[in-house]
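If you want the building blocks of each chain, they are given just below.
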Amino acid sequence: MKLKHLVSSLVLTGLAASSQAQLAGHNVILVHGFQPDNVLNQPASSNEIVQNGQDYWSDYWNSRAEARLDWDSSERIEGATAERLYNDAVNLSLSGLCNDGCVLVTHSTGDLVARYFLENQADWLAANGYTPLNILTSLDFAGAGGGTEIADTVVSIVTSNNSASSLAVSAVEWFMGGTLESDQDLGVLYDLQPAAARNLATSPSSVPRLRFAGAGNAYFGITGGFITGTDDGVVPTHSSCGAVDPKAYDSCSKNVEFNGKIKNGNANAPSALFTNHFAVIMGDKTHHNGTIGDQTGVQLTYVDNNFNAGGINVDFSTKYYDGWFADYLYVTNSKGSTMSEKVYETLNN
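Residues numbered from 1 in each chain as written. Predicted model: local features only at pLDDT ≥ 70, side-chain atom pairs only at ≥ 80, totals over all residues. Heavy atoms only, no water.

**Re the overall build of the protein chain**
Note the cut-off: Secondary structure is summarised from DSSP: a helix means a run of H or I of at least four residues, a strand means a run of E of at least two, and numbering begins at the N terminus for each. Only the C-alpha atoms count toward the radius of gyration. The rule for a globule is 2.2 Å times the residue count to the power 0.38. Under the scheme applied here, a residue whose accessible area is under 20% of the maximum for its type counts as buried, over 50% as exposed, and between as partly exposed, the area being computed with a 1.4 Å probe on protein chains only. Whether two residues are in contact is decided by their heavy atoms, any of which lying within 4.5 Å being enough. We get accessible surface area from the Shrake-Rupley algorithm with a probe of 1.4 Å; when it comes to residues, only the shown protein chains can shield them.
Counting secondary structure elements, the protein chain contains ten helices and 13 strands. For the protein chain, the C-alpha radius of gyration of 19 Å lies close to 20 Å, the compact-globule estimate for 349 residues. The principal-axis extent of the C-alpha atoms belonging to the protein chain is close to 65 × 55 × 35 Å. Within the span of the protein chain, comprising 349 residues, buried residues form 56% of the whole. Across the protein chain, every contact between residues at least 6 apart in sequence was considered, and the portion connecting residues at least 24 apart equals 74%. Looking at the protein chain as shown, the accessible area adds up to about 14,000 Å², and 45% of this sits on carbon and sulfur atoms.

**Structural notes on the state of the cysteines**
Rules: Only a pair of cysteine sulfur atoms within 2.5 Å counts as a disulfide in this structure description.
Going through the model one piece at a time under the given rule, you end up with two disulfides. Each sulfur in the disulfide pair Cys98 and Cys102 lies 2.1 Å from the other. Across the disulfide from Cys98 to Cys102, rotation about the S-S bond amounts to roughly -95 degrees, and the bridge is consequently left-handed. The pair Cys98 / Cys102 is uniform in exposure class, with both members buried. The side chain of Cys241 participates in a disulfide bridge whose partner is Cys252; the two sulfur atoms lie 1.9 Å from each other. Because the sign of the S-S torsion sets the handedness, a value of about -80 degrees for the bond joining Cys241 and Cys252 places this disulfide among the left-handed ones. Pair noted here: Cys241 is in the loop between helix 9 (237-240) and strand 8 (277-283) and Cys252 is in the loop between helix 9 and strand 8, with a separation of eleven residues, a long-range link. Neither residue differs from the other here; Cys241 and Cys252 are each classed as buried. The disulfide pattern of the protein chain is 1-2, 3-4 when the bonded cysteines are numbered in sequence order.

**Comments concerning helix 10 (residues 339-347)**
In terms of residue burial, helix 10 counts as a mostly covered element, since seven of its nine residues are buried. Listed as buried for helix 10 are Met339, Ser340, Lys342, Val343, Tyr344, Thr346 and Leu347. Taken together, the buried residues of helix 10 touch strand 2 (22-23), strand 6 (135-141), strand 7 (209-214), strand 8, strand 11 (312-314) and strand 13 (327-331).

Printed below as a string of structure tokens:
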């Protein structure tokens, strides 16, 4: 695809004077997830897309970021979204924001968008005389890079003129927040089908992807029946963990379950993750939006810990709990924090 540098909707937040707007001394760039309303009511302007991006991160991350890559969920990743990403890459290069290294923070489909961005930005920029961005690592909350079967259900309902079960239609309407028309343009939902997502930007990346997964459900379980394995109400564990195979898993680790119960190699979990993917934190009751929102009260557990990811030290404090019938492994003092708070407080060192 030939990309042209146009006026971009890239938002540079202008918070460089605040150390809180960085993570471990590095500038942060946010990549939001799927926004159903974009599909039901396509944004009328770039300003609306920017406002949607601002609203998306309002619970926690906006004040801790220097920039956002805002995109429109009614568009395809290899289509109009690619154009937006290229324009943003150029403006980020010109700004010098990532000269000392940047950290991406993604949520949901932002994981897939970021993967496409990371695979292409250096080539895009170098081919046009710009300096490629120095991206150190990516923090992926409820990552949908492996797709979600709920997207398969949405596509099936629309393409079959809604000749689906009433339960499937109800689950989709709950997920979308509205009713889909039989001729609806589904935009990025086509890319979110697992078979499509797992064939998009497949080259191994040198950028570490740190995974933070939940298994709660804010949809009263209505969507779970259409998603493979344990899920967070939107994204299956095979995707949020970064698993190579899209199978029905109940944990990111064979050694510990979502609730912290130690299994010593017996948990139903992936045998392999994608290159440079690290499943770091799990929350058994953390739902999809709770990973970046204000949900507290979940005792988090860790999967991968005590390593350096692109200059970011992953060093969560943990504790063992000896129960009568099982042992548990928890992230220290995590129940009183949101998942994002605990991640930021730990990695910002």
